[in-house]
Amino acid sequence: MKIAVINSGSSSIKFQLFDMNTELVLASVLVEKIGEFSSSTIFKHNEKKVVITSVIDNHHEGLKNIIILLSQNNIIKDFSSLDAIGHRVVHGGEEFKKSTLIDEYVINKIRELIPLAPLHNPANLEGITISRKKAPFVKQIAVFDTAFHSTMPKEAYLYALDYEMYEKHKIRRYGFHGTSHSYVLKETAKIFKKSVDELNIITLHLGNGASACAIQNGKSIDTSMGFTPLEGLIMGTRSGDVDPAIIIYMQRELGMGVDEVDNLLNKKSGLLGICGSNDVRSIIESDSEKSKLALNMMIRRIKKYIGSYMALLGRVDAIVFTGGIGENSQYIRDKVLDNHLAGSIKILVINTDEELEIARECIKVLEK
Ligand code: AMP
């Protein structure tokens, strides 16, 4: 069974083709910097790696090039021979609690959710639209970053604002990185030789974007990202939690515009804001005071979330690290765990694989 996974971002397309009988990757293609002069396409197949630098004007061209590469290398002739195509969709709102077969209704709903994810959902939709044109008879499936967190109880997902803000405007916590939290949960269950619903764990997805999740009996009951991926942990360029009154102050007293504040919080804050870099590897190697401060701030915030999730969960079977930092940095893991957590809590490091999780979700949907 052949399943393709498409993660279409604003200026990139990540593509993977799986043989789902073995769960092996048959080919992967990364198209980057779409619409820029320095676009590149990186194609990998077995031991082969090809890097092509040519201007790619739009997603349509990017996907066309992917099909040409797959065909030239005799992997598949075109998309019509696929069993399904899975698409990453960042925001599923309250509508999508599970992965779903894409039809016009689903497309319209994803479009309606654009105000909640103005950067991501339009790019995801672009990938879906082009892919449906290229393979009109192949089943296309949307897998949502938010869906895993749809099990959060109301007391976890509501903000203590005027209730109308939720009822009328859907302002609530949604949570993100769900595909990754869900993948590492299932891998943890395999390691424990238990079913997921027997497990209480805390998952820490620590990459350039970062989030923590409290999982009780296999279900997300709380997560650090909220209405958008800005809330929670200190990230590469995002502030994570701040007093919301700071935003009012920046606008009222400092005369900053809405876009300026948005840009500051999302792109100029976090580790980058404190020490001038968002690359944790080089921050660890640097001995500047600000680098140390940035790391200490990040670590402290992770600890605070672990502590609060332990209080929520009661019993914790494992703390699971994943994402670029979580998987690779023993230093950060040790600092996060230094003064507590002895005893019965297992510490696991699991490499996340969001694309494989999306392909597995496709099979679940097809089996229905
Ligand atoms: P991701 O967004 O999941 O790709 O993670 C990117 C982050 O992982 C960057 O901050 C990298 O510096 C960090 N990272 C990758 N490898 C290492 C490593 N060996 N040690 C520390 N941080 C790393």
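Residues numbered from 1 in each chain as written. Predicted model: local features only at pLDDT ≥ 70, side-chain atom pairs only at ≥ 80, totals over all residues. Heavy atoms only, no water.

Another aspect to go through is the overall build of the protein chain. Counting secondary structure elements, the protein chain contains 14 helices and 13 strands. Relative to the 2.2 N^0.38 estimate, which gives 21 Å for 368 residues, the radius of gyration of the protein chain is 21 Å and therefore close to what a compact globule would have. With 368 residues in all, the protein chain has 50% of them scored as buried. Residue pairs in contact within the protein chain that sit at least 24 positions apart in sequence constitute 64% of those at least 6 positions apart. Element-wise, carbon and sulfur atoms account for 52% of the exposed surface of the protein chain, whose accessible area totals about 17,900 Å². Within the protein chain, the 45 negative side-chain charges are centred at a point lying 2 Å from the centre of the 45 positive side-chain charges. (Helix = DSSP H or I, 4+ residues; strand = E, 2+ residues; numbered from the N terminus. Rg over C-alpha atoms; globule rule 2.2 N^0.38 Å. Buried < 20%, exposed > 50% of the residue type's maximum accessible area, 1.4 Å probe, protein only. Contact = heavy atoms within 4.5 Å. Areas by Shrake-Rupley, 256 points an atom, 1.4 Å probe, with all protein chains shown as cover. Lys, Arg positive; Asp, Glu negative; His and termini not counted. Charge placed at Lys NZ, Arg CZ, Asp CG, Glu CD.)

Once that is clear, we can look at the sheet that holds strand β12 (residues 318-322). The 5 strands lie next to each other as β11-β10-β9-β12-β13, forming an open sheet whose pairing is mixed. Two strands in the sheet have a free side with no partner beyond their single neighbour: β11 (219-223) and β13 (346-349). Across the sheet, the axes of successive neighbouring strands diverge by a mean angle of 25°, strand direction being ignored. Pairing between β12 and β13: 4 bridges, direction parallel. (Pairing = 2+ DSSP bridges. Axes fitted to C-alpha atoms, helices over the stretch in contact; angles between N-to-C directions.)

Turning our eyes to something else, we now look at helix α11 (residues 289-313). The first and last C-alpha atoms of α11 sit 36 Å apart over 25 residues, in line with the 36 Å expected at 1.5 Å per residue. One or two residues past the end of α11 sits Gly-314, with phi positive at roughly 75°. (Expected span 1.5 Å × (residues − 1).)

So, about the site of the ligand. Close contacts around the ligand come from Gly-207, Asn-208, Asn-278, Asp-279, Val-280, Arg-281, Gly-323, Gly-324, Ile-325, Asn-328 and Ser-329, and that covers them all. Val-280 is positioned with one of its backbone polar atoms (N or O) 3.0 Å from an oxygen atom of the ligand. Here a nitrogen atom of the ligand sits 3.4 Å away from a polar atom, N or O, in the side chain of Asn-328. Summarising the interface, the protein chains cover 70% of the accessible area of the ligand, which totals 500 Å² for the free molecule. When residues of the shell around the ligand are traced back to their parent elements, those giving at least two are α10 (280-285) and α12 (323-328). Here the shell around the ligand gets 4 residues from one element, more than from any other, and that element is α12. Taken together, the residues of the shell around the ligand sort by class into 2 nonpolar, 7 polar and 2 charged. (Near = heavy atom within 4 Å. Polar contact = N/O pair within 3.5 Å; in protein donor to acceptor, adjacent residues only side chain to side chain. Nonpolar A, V, L, I, M, F, W, Y, C, P; charged D, E, K, R; others polar.)

Glancing now at the UniProt feature "site: Transition state stabilizer" (unreviewed entry) in the protein chain. In the numbering used here, UniProt assigns the "site: Transition state stabilizer" (unreviewed entry) feature to His-177 and Arg-238. Setting aside anything within four residues of it in sequence, one finds His-177 in contact with Asp-145, His-149, His-205, Gly-209, Ala-210, Ser-211 and Met-225. Relative to the helices and strands, Arg-238 is located in the loop between β11 and α7 (245-252). Given a relative accessible area of 23%, Arg-238 falls into the partly exposed group. (UniProt positions renumbered as here; feature names shortened; annotations may be inferred.)

Next up on the list: the pattern of salt bridges. Enumeration according to the criterion identifies 16 salt bridges in this entry. A salt bridge links Lys-186 to Glu-357; the nearest nitrogen and oxygen atoms lie 2.6 Å apart. Linking Lys-186 in helix α6 (residues 178-192) with Glu-357 in helix α14 (residues 354-367), this pair joins segments that are 171 residues apart in sequence. With relative accessibility at 2%, the residue Glu-357 sits in the buried group. Between Glu-289 and Lys-292 there is a salt bridge; the shortest N-O distance is 3.7 Å. Residue Glu-289 and its partner Lys-292 are both found in helix α11; the two are separated by 3 residues, about one turn of the helix. Within the structure, one salt-bridge network assembled from shared partners comprises Glu-23, Glu-187, Lys-190 and Arg-360. (Salt bridge = Lys/Arg side-chain N within 4 Å of Asp/Glu carboxyl O.)

Looking now at empty space enclosed by the protein. Counting across every chain of the model gives 1 cavity of 30 Å³ or more. One number sums up the size of the largest cavity: a volume of about 40 Å³. The wall of the largest cavity is formed by Leu-206, Gly-207, Ala-210, Leu-233, Ile-234, Met-235, Gly-236, Met-298, Ile-302 and Ile-325. The residue makeup of the lining of the largest cavity, split by class, is 8 nonpolar, 2 polar and no charged. (1 Å grid on protein atoms, 1.4 Å probe; cavity = no way out; pocket = protein on both sides within 12 Å on 5 of 7 lines; lining within 4 Å. Points joined across faces, edges and corners; volume = space filled by probe spheres on them.)

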